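# Commentary on secondary and tertiary structure
So the chains spell out like this:
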8 protein chains.
Amino acid sequence: MRIGKNEKLVMIGDSITDCERARPVGEGLFNAIGRGYVGVVDALLTSTYPELGIRVVNIGTSGNTVRDLEARWQTDVLDLKPDWLSIMIGTNDVWRQFDSPTMRESHVLLEEYEEKLEALVASTLPRLKGLVLMTPFFIEPNPNDRMRAQMDLYGAAVKRIAAKYDTLFIDTQEAFNRVLEHLYSGTLAWDRVHPNQAGHAVLARAFLQSVGYEYAKGL
Amino acid sequence: MRIGKNEKLVMIGDSITDCERARPVGEGLFNAIGRGYVGVVDALLTSTYPELGIRVVNIGTSGNTVRDLEARWQTDVLDLKPDWLSIMIGTNDVWRQFDSPTMRESHVLLEEYEEKLEALVASTLPRLKGLVLMTPFFIEPNPNDRMRAQMDLYGAAVKRIAAKYDTLFIDTQEAFNRVLEHLYSGTLAWDRVHPNQAGHAVLARAFLQSVGYEYAKGL
Amino acid sequence: MRIGKNEKLVMIGDSITDCERARPVGEGLFNAIGRGYVGVVDALLTSTYPELGIRVVNIGTSGNTVRDLEARWQTDVLDLKPDWLSIMIGTNDVWRQFDSPTMRESHVLLEEYEEKLEALVASTLPRLKGLVLMTPFFIEPNPNDRMRAQMDLYGAAVKRIAAKYDTLFIDTQEAFNRVLEHLYSGTLAWDRVHPNQAGHAVLARAFLQSVGYEYAKGL
Amino acid sequence: MRIGKNEKLVMIGDSITDCERARPVGEGLFNAIGRGYVGVVDALLTSTYPELGIRVVNIGTSGNTVRDLEARWQTDVLDLKPDWLSIMIGTNDVWRQFDSPTMRESHVLLEEYEEKLEALVASTLPRLKGLVLMTPFFIEPNPNDRMRAQMDLYGAAVKRIAAKYDTLFIDTQEAFNRVLEHLYSGTLAWDRVHPNQAGHAVLARAFLQSVGYEYAKGL
Amino acid sequence: MRIGKNEKLVMIGDSITDCERARPVGEGLFNAIGRGYVGVVDALLTSTYPELGIRVVNIGTSGNTVRDLEARWQTDVLDLKPDWLSIMIGTNDVWRQFDSPTMRESHVLLEEYEEKLEALVASTLPRLKGLVLMTPFFIEPNPNDRMRAQMDLYGAAVKRIAAKYDTLFIDTQEAFNRVLEHLYSGTLAWDRVHPNQAGHAVLARAFLQSVGYEYAKGL
Amino acid sequence: MRIGKNEKLVMIGDSITDCERARPVGEGLFNAIGRGYVGVVDALLTSTYPELGIRVVNIGTSGNTVRDLEARWQTDVLDLKPDWLSIMIGTNDVWRQFDSPTMRESHVLLEEYEEKLEALVASTLPRLKGLVLMTPFFIEPNPNDRMRAQMDLYGAAVKRIAAKYDTLFIDTQEAFNRVLEHLYSGTLAWDRVHPNQAGHAVLARAFLQSVGYEYAKGL
Amino acid sequence: MRIGKNEKLVMIGDSITDCERARPVGEGLFNAIGRGYVGVVDALLTSTYPELGIRVVNIGTSGNTVRDLEARWQTDVLDLKPDWLSIMIGTNDVWRQFDSPTMRESHVLLEEYEEKLEALVASTLPRLKGLVLMTPFFIEPNPNDRMRAQMDLYGAAVKRIAAKYDTLFIDTQEAFNRVLEHLYSGTLAWDRVHPNQAGHAVLARAFLQSVGYEYAKGL
Amino acid sequence: MRIGKNEKLVMIGDSITDCERARPVGEGLFNAIGRGYVGVVDALLTSTYPELGIRVVNIGTSGNTVRDLEARWQTDVLDLKPDWLSIMIGTNDVWRQFDSPTMRESHVLLEEYEEKLEALVASTLPRLKGLVLMTPFFIEPNPNDRMRAQMDLYGAAVKRIAAKYDTLFIDTQEAFNRVLEHLYSGTLAWDRVHPNQAGHAVLARAFLQSVGYEYAKGL
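Basis of the calculations
Residues numbered from 1 in each chain as written. Chains lettered and ligands numbered in written order. Predicted model: local features only at pLDDT ≥ 70, side-chain atom pairs only at ≥ 80, totals over all residues. Heavy atoms only, no water. Helix = DSSP H or I, 4+ residues; strand = E, 2+ residues; numbered from the N terminus. Buried < 20%, exposed > 50% of the residue type's maximum accessible area, 1.4 Å probe, protein only. Contact = heavy atoms within 4.5 Å. Areas by Shrake-Rupley, 256 points an atom, 1.4 Å probe, with all protein chains shown as cover. Lys, Arg positive; Asp, Glu negative; His and termini not counted. Charge placed at Lys NZ, Arg CZ, Asp CG, Glu CD. Phe/Tyr/Trp six-rings, centres within 6.5 Å; stacked < 30°, edge-to-face > 60°. Lys NZ or Arg CZ within 6 Å of the ring centre and 35° of its normal. Least-squares fit on C-alpha atoms with pLDDT ≥ 70 in both. Arc of directions from axis to C-beta. Axes fitted to C-alpha atoms, helices over the stretch in contact; angles between N-to-C directions. Parallel < 35°, antiparallel > 145°, perpendicular 65-115°, else oblique. Left-handed = near helix turned anticlockwise from the far one by under 90°. Nonpolar A, V, L, I, M, F, W, Y, C, P; charged D, E, K, R; others polar. Pairing = 2+ DSSP bridges. Buried area = accessible area lost by both parts, 1.4 Å probe. Salt bridge = Lys/Arg side-chain N within 4 Å of Asp/Glu carboxyl O. Polar contact = N/O pair within 3.5 Å; in protein donor to acceptor, adjacent residues only side chain to side chain.

- Per an unreviewed UniProt entry, chain A goes by SGNH/GDSL hydrolase family protein and derives from Paenibacillus rhizovicinus.

### Section: the overall build of chain A
- Of regular secondary structure, chain A possesses eight helices and five strands.
- Sequence-ordered secondary structure for chain A, helices as α and strands as β, is β-α-α-β-α-β-α-α-β-α-β-α-α.
- Seen through its principal axes, chain A has C-alpha atoms that stretch 50 × 40 × 35 Å.
- Counting over 219 residues, chain A shows a buried share of 66%.
- Once local pairs closer than 6 in sequence are excluded, the contacts in chain A between residues at least 24 apart make up 78%.
- Here chain A displays about 7,700 Å² of accessible surface, and carbon together with sulfur accounts for 52% of that area.
- One way to put it: in chain A the 24 positive side-chain charges average out to a point 3 Å from where the 29 negative ones average out.

### Things to note about unusual backbone geometry
- Backbone torsion omega between Arg23 of chain E and Pro24 of chain E reads 0°, so that peptide bond is classified as cis.
- When you line up the elements, Pro24 of chain E lands in the loop between helix H1 (15-18) and helix H2 (37-48).
- Residues other than glycine seldom take positive phi values, yet Phe30 of chain C does so here, at roughly 60°.
- Overall, Phe30 of chain C belongs to the exposed group, its relative accessible area being 66%.
- Here the phi dihedral of Asp166 of chain D falls at roughly 55°; this positive angle occurs in a residue that is not glycine.

### Re the packing of aromatic side chains
- As enumerated under the stated definition, the model contains 60 aromatic pairs over all chains in all.
- Between Phe98 of chain D and Tyr184 of chain E the ring centres are 4.9 Å apart and the planes differ by 65°, which places this aromatic pair in the edge-to-face class. One end of the pair, Phe98 of chain D, is in helix H4 (residues 91-99); the other, Tyr184 of chain E, is in the loop between helix H7 (172-180) and helix H8 (197-210), on a second chain.
- Aromatic pair Tyr113 of chain E and Tyr154 of chain E: ring centres 4.8 Å apart, planes at 50°, arrangement tilted. Within this pair, whereas Tyr113 of chain E is found in helix H5 (residues 110-124), its partner Tyr154 of chain E is found in helix H6 (residues 146-165), the two being separated by 41 residues in sequence. Assigned by exposure class, Tyr113 of chain E and Tyr154 of chain E land together as buried.
- Above the plane of the ring of Tyr215 of chain D lies Arg205 of chain C, whose end atom (NZ or CZ) is 5.5 Å from the centre.

### Brief notes about the relation of the copies chain A and chain B
- You can overlay chain A on chain B at an RMSD of 0.0 Å; the transform is a turn of 180° with a shift of 0.0 Å along its axis. Taken together, the turn and the small shift mark the pair as related by a two-fold rotation axis. The position closest to the rotation axis in chain A is occupied by the C-alpha of Tyr215 of chain A, lying 3.1 Å away.
- When the interface residues of chain A are mapped onto chain B, 100% of them are again interface residues, pointing to one common binding face.

### Some details on the relation of the copies chain D and chain E
- The transform that puts chain D on chain E rotates by 180° and translates by 0.0 Å along the axis, for an RMSD of 0.0 Å.
- When the interface residues of chain D are mapped onto chain E, 100% of them again fall at the interface, so both copies present the same face.

### As for helix H3 (residues 66-76) of chain C
Residue and element names in this part refer to chain C.
- If you check which residues of H3 are buried, you get Val66, Leu69, Arg72, Trp73 and Asp76. Buried residues of H3 fall within an arc of 155° about the axis and therefore sit on the same side.
- Structurally, H3 contributes buried residues whose contacts are with strand S1 (8-13), strand S3 (84-88), helix H4 (91-99) and helix H5 (110-124).

### Things to note about the packing of helix H5 (residues 110-124) of chain A against helix H6 (residues 146-165) of chain A
Residues and elements named next belong to chain A.
- Running from N to C, H5 and H6 cross one another at 30°; their axes reach a closest spacing of 10 Å. Taken together, the axes of H5 and H6 lie roughly parallel to each other. For the pair H5 and H6, the crossing hand works out as right-handed. Contacts between H5 and H6 involve Leu110, Tyr113, Glu114, Leu117, Glu118, Val121 and Ala122 from the former and Leu153, Tyr154, Ala157, Val158, Arg160, Ile161, Lys164 and Tyr165 from the latter.
- Looking at the contact of H5 with H6, its residues break down into eleven nonpolar, no polar and four charged.

### Topic: the sheet that holds strand S3 (residues 84-88) of chain E
All names here are of chain E.
- Pairing in this open sheet of five strands is parallel, and the strands run S2-S1-S3-S4-S5 from one edge to the other. Each edge of the open sheet carries a strand with a single partner, namely strand S2 (55-58) and strand S5 (168-170). Pairs of neighbouring strands in the sheet enclose a mean axial angle of 15°, with direction left out of account.
- Sheet topology note: the strand S4 (residues 130-134)/S5 ladder contains three bridges and is parallel. Bridging from a neighbouring strand, Val132 pairs with Leu168 of S5.
- Strands strand S1 (8-13) and S3 of the sheet are contacted by helix H3 (residues 66-76), whose axis makes an angle of about 160° with S1.

### Focus: the interface of chain D and chain E
- Counting residues at the interface gives 18 residues for chain D, matched by 18 residues for chain E.
- Counting the surface lost from both chain D and chain E, the interface buries some 1,600 Å², and carbon and sulfur atoms represent 50% of this.
- Per-residue buried area on chain D facing chain E is highest for Tyr184, Trp190 and Arg192 of chain D; these three make up 42% of the total on that side.
- In this assembly, chain D and chain E are joined by two salt bridges.
- Between Glu140 of chain E and Arg192 of chain D there is a salt bridge, with the nearest N and O atoms lying 3.6 Å from each other.
- At the boundary of chain D and chain E, one finds eight residue pairs in polar contact (both at pLDDT 80 or more).

### Quick word on the sheet that holds strand S1 (residues 8-13) of chain A
Residue and element names in this part refer to chain A.
- What the five strands build is an open sheet, ordered S2-S1-S3-S4-S5; its pairing is parallel. This sheet does not close on itself; its edge strands, each paired only once, are strand S2 (55-58) and strand S5 (168-170). Each strand of the sheet is rotated relative to its neighbour by a mean of 15°, with strand direction disregarded.
- Pairing geometry for strand S3 (residues 84-88) and strand S4 (residues 130-134), over five bridges, is parallel. Bridge pairing links Ser86 to Val132 in S4.
- Across the sheet, helix H2 (residues 37-48) is in contact with S1, S2, S3 and S4; its angle to S1 comes to roughly 165°.
- Contacts from helix H3 (residues 66-76) reach S1 and S3, with the element oriented near 160° to S1.

Written out as structure tokens, the structure is:
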């Protein structure tokens, strides 16, 4: 298990991360952590490693692109002084190109995406004990689907950054692809973007695997 | 993994099972499965074993005692034709003795509890591929606490029945006790009865362990 | 224009037809007709042919399959004594196979679908001045997508029935396909099933074309 | 079709234009465009000319008079940089004179109306590829009705401005009059001001006709 | 003053009478009498003739036609054992012909209207100390307006019945006409049917005048 | 009739005047005038003298004492430029002494009351065509009741001011007393302060009488 | 202390007793007991005599008269098998005579009141360990007030019945009178009927005194 | 009775004090005092000593720790100019250590607690006629429970301060302990922190005892 005693894990992203988290910071009582993969991660860490006292913070915000992360990075990441950080962004950067094609100012194209994301990683990494970069995903098995293909390009950018800076890396698209061999996309997400509980479990399992979570501990 | 392809798992209980499930039957789209341990079980089974097509049904009802289970057993268990069944009941049977001491008709005493639960088990077991009996629990580490001590007696009754009929058995109190060595009860449940997400993860992990779930599968 | 003076057009279907129509019958004041293609059809007929006094009735019901149509056919079609009738059904017959794969009793397979739909058509046609059969559709351009491929089979069944009974026929999938050459599915429907106003305009234009509507009349 | 590829059409007006549009700008997902004639125009343009990628923006505001348009012209028209612009204003300028006769400061008399509207047209026209001026209307067939007669004077002012600046022009009153030959006003609007869907179809058809929309394209 | 000590006045009609009255019977505490002309009548009678103890009951129901009055006459009039009765009905009988022209079964034509109203009057009059027949009205000064003209025919029917049975009679259209010489219809009613407080005062004054109310009494 | 053509009447007071009026100023459409005596006055003036075009404005505010009137006098009276003004204040000045005896800073004692009210009258009278001073009241017939006795002292102060400045004057207590000879206080007001519709009719009749309203005009 | 170990006290009455109690029976968790004097009695008994396990049940119902008690006596008193019973009824029997003078069928006159109350007492007393009869009250110090005087007559009837059957008796009017020597009625009850918390404390103290409650016990 | 005529008692604390009090200050009409022990204290003082006119003010705020009291001390205590003051704080100071163990910045440790509380007491005492210090409590009879043990340490700190400054002192834990000998904690508080009405009665009785309240006065 890579996350240590009393360490703080901040998880940032868009609506898939947000999932009804509390404001201004999603942590603590009354499901403030939200009901998505962050909540599952927190619940499994707490119940499996109660002795570690890991603090999980959900700072995802619905609708966010990497532009929005950049704008709130100081208050929502740096000021929270994380030991560990996870970033999963890009869905809206891509989606707006496909659901709002005429609103071009809302599209975050690949170059801008990679540049901004890399800048955030580069400047923050020195302050962290661990960084987990998660690709965005589209719950669609056809790699030739136009939006899936575009999302894959953004995922590849995340992979490049992870490799360059030697961070932990999760290919969430790949994680979903394994499930999509058996289930139709509609079983996991109404709109192929916002997962139901089973879809969030896919994300949570991939994340926990990346940080060395031992499921059977204590059972 | 003990639950087989296309098999149906029905999970019955009280509010801890219910957790906002849909009516009349908690399964399918829109979080109908509820937000408690049943939802976690379903999410982990679906994401880990998408090829099995296991059908999980939440039929818990808030406030129920074993008397209530008996009253709705035909429609809510037998008519659903489960392959697998889990039962976790007893919290309210005990709790009313402690939060409503003067309302004695609401108390289900140990003898009645064990008799009724055994009758349900005995009559239903022949129709099942698997039965999981879960003890009720009280998220309180002090075994001399009056309500905890009483709950332990009910848990012992469940254990006796499980042994007599050779069913799968989960000592949920023991599962919580391991966590309570490190965390205060209030971190898991406001009222020591209704767990937060971390508490439901304790239950889900114990259940999955009992049916042979392999966490690392596919990772 | 095929629909004549003072004639009554009843349009039946599922949620795509329903679109917030009033109960028990969707017609008359206060947007009772609903906000989907039926509303557009009614609005364009009324504004273009005010002298005809055509009465449009929306009797769509969310979630319906052909089984549900059969169950309410007497009260919701025959009792309304339509001169003209349109039927667009099948989305849920197919969708449940993909979003709820374990709930098999909710799946209406092709054979049952075609048989039930044909029975409704055969028994009702003699009472009508005109019948418009509309295929179900899936707003997905990839014909190899599993759900799209299945939906195409149901559409083909509608086409067979229309040919056998010589009714008016609309291939709604084809109508959407023409638009999908230029727009991504997400621009028309969040979930590829429920169209936005642009998607409903696709349906309304196809319907109006089939009944001989003259757009430029009076302009 | 006069509106070209990737061009932007901004439509401004009062509650008849507004129709529940989103704030601050009515465009994009979730019916942000509103449910009135602007929504119908957008839906028909998008479904008929998907290859053009025309962007329609609804910036109508309930209760507005020409005074209000003047006050928000910079942010709500100029800053949006439209290629095409439509203006339909005047209903409230007139209505307040009739429903609130004692509140004289709320009345925008004809001279002020024409002067302010002309100033907006004159200053904005050079920046546009196309401008559509629409008269206000009152859904009342009797030209001697006091409010209808007054509204006709405001419509005539719009016509004068359109002629002077050689813009596209729509006589919406005339469009409604053709329908009112066959239907009573109450069939189109509860209060003779706010049209139902059929009334909005009258406006949408008139607008689309003015910009060269071809209904049968692609059918 | 014609209404005597401790007598009971029941006022029946449609939404203009109803005006948010309480169910099942509109009388007594908490504005149960409703906020329309019945409320004004009751308030002025009570404050001017406190010594008479007149009991006013509002039994109007929104949307009613004379058909609906007939259907509820036993429970809503006869069972209440009124000494005095007022009837104002006909608005919806006429309105449906104009706002819902295609829904012909909702139209109550003149012959049926007069026949049903007369039957109610004839059978009830012997049990009453006084009966006040009020015409329906349309707040539109133009007698050639199609709906106004139709409403006038229904008013004439009321007048014929009042004359034949020698009841008190109020020409509410005439009462509104006097005000409409000075005010536009929109000042009194958004839709020319449902009066604001000033419009209800027109009705209340006409009613009170008919029963010999002395305004200056006690001042 | 003392109020002239196109004149504006502003009526200020506390909750008895307010009665759900709109903000910031109670006048115009949608019952903005409120549902109390101001609404009755406006409705009777408008329906009886439609040719006068009298503008009635309700600027009462719940909970106000004379202190509050003083604080908002500039914006809520002077800025509205009334021709006529009515003032009815004092209920809360007295009531707080009886329902909140320990909260002494909320009590406006007689001396302060009279001084403040007189100052407002003195400074405003020169700008008015007419001023109506209305006493506060307590709907209790027993003059020895402690709160009634106190209210009578405040009413006497209003009378002194009216006499000194020769304004119109209404003894509202006297108006209620005449009704209370026949009705128990509870028939008019649940709490002896806030009248029901009958109680507001008492106030409206007294006001209208004071300004020369002719009830029978036009009947 | 007269109420013994494990005994059950049922308290019946009208809205003063009801005070937001739960349905169908007001006892147990979540303030089911209501927020009035019954709640105070229960709270003080439980906190002072925790060893007695007295069960208090609130079965008051808003708006009730003695007629209503009679109608629900079997289910709401006898079926609950009380050891102790308290009855406080009469407020609405009297109040309706004063706030709804014309609705004479709602008035329960003194003779009927006394007869019905006595019948309930006579038939129930043999089944009880203790019965507490509480007079109705009116929070008005003037004995000549018409409603107070009438209420006193009803209180005298309660006293007669208590004397005849030798039950415990509480003169609640007298208890309030002692407080009203120092406080105005409005400090205790907005409408002189429904007490605030201080008024309910008056009732609770009087009740507890009658059953021998020892305040200082355990302090 | 130690609190004198017309004196003002301010009671500050956390959610146990707050209990739905009104903002900004909890006193006066409409249950502004809240529904907890402060309300009971006020109700019993007012009903037992109506001649004293004691003014009770609830200024508790949910979630507060001693840090929050310090921050609002000027406006919420000093500016209110109390004669008497009660302070009950510490629950949240302790609770956060147990329900949110990872959020260490929310924990108010013992040293800080005692220092801050003493500073408030020391600086305020000279301005008061009386000060009542109440310990925080945890409704748990087991002194070895981790949170109870910690709460006891905070209670001991309050006791030290009370002794040092010679103030009135209430050991609320002791008051609850006496009840817990007979009742399980769950009968008084769902979460062992927020008492039900019986629990608030424990607090109110202890408080009243400390200020010399005579229960039997006037009975």
